[in-house]
Amino acid sequence: RRCLGALLRVCCCLGRDRHKSRTVAIGHPDPSQKYPTNRICNQKYNLITFLPKVLFEQFKYFLNLYFLVVSLTQFIPQLRIGYLYTYWGPLVCTQAHTHR
């Protein structure tokens, strides 16, 4: 019988000491109460992490990184094979396609 009563209090929230009334003053937090804040942070980026996170998200795919490396090699005159737009075009297209 004791087990059943304890089980009902835990499962059905019948324990009276679990729910206490409280008064909340808006704009004036009470430091004596130990409740978590209601702050919600749902931003993915901030000013410092924007560029590194965007670059990582784009270039974590092998082909995106490959097109970037091939395009960057075309700035070196000894490695240049054709026109720059023939290398930067595929890079821009893949970046536009994989951009979320």
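Conventions we followed
Residues numbered from 1 in each chain as written. Predicted model: local features only at pLDDT ≥ 70, side-chain atom pairs only at ≥ 80, totals over all residues. Heavy atoms only, no water. Helix = DSSP H or I, 4+ residues; strand = E, 2+ residues; numbered from the N terminus. Buried < 20%, exposed > 50% of the residue type's maximum accessible area, 1.4 Å probe, protein only. Contact = heavy atoms within 4.5 Å. Areas by Shrake-Rupley, 256 points an atom, 1.4 Å probe, with all protein chains shown as cover. Phe/Tyr/Trp six-rings, centres within 6.5 Å; stacked < 30°, edge-to-face > 60°. Patch = residues over 30% accessible without salt bridge, like charges linked within 9 Å, V, L, I, M, F, W, Y side chains within 5 Å. Salt bridge = Lys/Arg side-chain N within 4 Å of Asp/Glu carboxyl O. pLDDT = per-residue confidence, 0-100.

**Digging into the overall build of the protein**
Secondary structure assignment for the protein yields four helices and zero strands. Starting at the N terminus and ending at the C terminus, the protein contains elements arranged as α-α-α-α. Looking at the protein as a whole, 11% of its 100 residues are labelled buried. For the protein, the share of sequence-separated contacts (at least 6 apart) that also reach a separation of at least 24 residues comes to 29%. Counting every atom, the protein has about 9600 Å² of accessible surface; 65% of that belongs to carbon and sulfur.

**Thoughts on the packing of aromatic side chains**
Enumeration according to the criterion identifies five aromatic pairs in this entry. Relative to Phe-50, the ring of Tyr-45 has its centre 5.3 Å away and its plane inclined at 80°; by these criteria the two rings are edge-to-face. Accessibility expressed as a relative area gives 44% for Phe-50, which makes it partly exposed. Their ring planes at 10° and their centres at 5.7 Å tell us that Tyr-83 and Tyr-85 sit as a pair that is stacked. By the ring-pair criterion, three or more aromatic residues cluster together here, those being Phe-62, Tyr-66 and Phe-67.

**As for a nonpolar patch on the surface**
Among the surface-exposed residues, Phe-50, Leu-51 and Leu-55 lie close enough to one another that they form a single nonpolar patch of about 300 Å² accessible area. Taking relative accessible area as the criterion, Leu-55 reaches 41% and is therefore assigned partly exposed.

**Brief notes about the confidence of the model for the protein**
A residue-level look at the protein finds 75% of positions with pLDDT of 70 or above and a mean pLDDT of 76. The spread of mean pLDDT over the elements of the protein runs between helix H1 (residues 2-11), the lowest at 57, and helix H2 (residues 50-59), the highest at 87.

**Here's the deal with the environment of Ser-71**
Within the fold, Ser-71 resides in helix H3 (residues 62-73). Residue class for Ser-71 comes out buried when judged on its relative accessible area of 0%. Residues Ser-71 and Tyr-85, spaced 14 residues apart in sequence, show a C-alpha to C-alpha distance of 9.0 Å. Excluding anything up to four places from it in sequence, Ser-71 contacts Tyr-87, Trp-88 and Leu-91.

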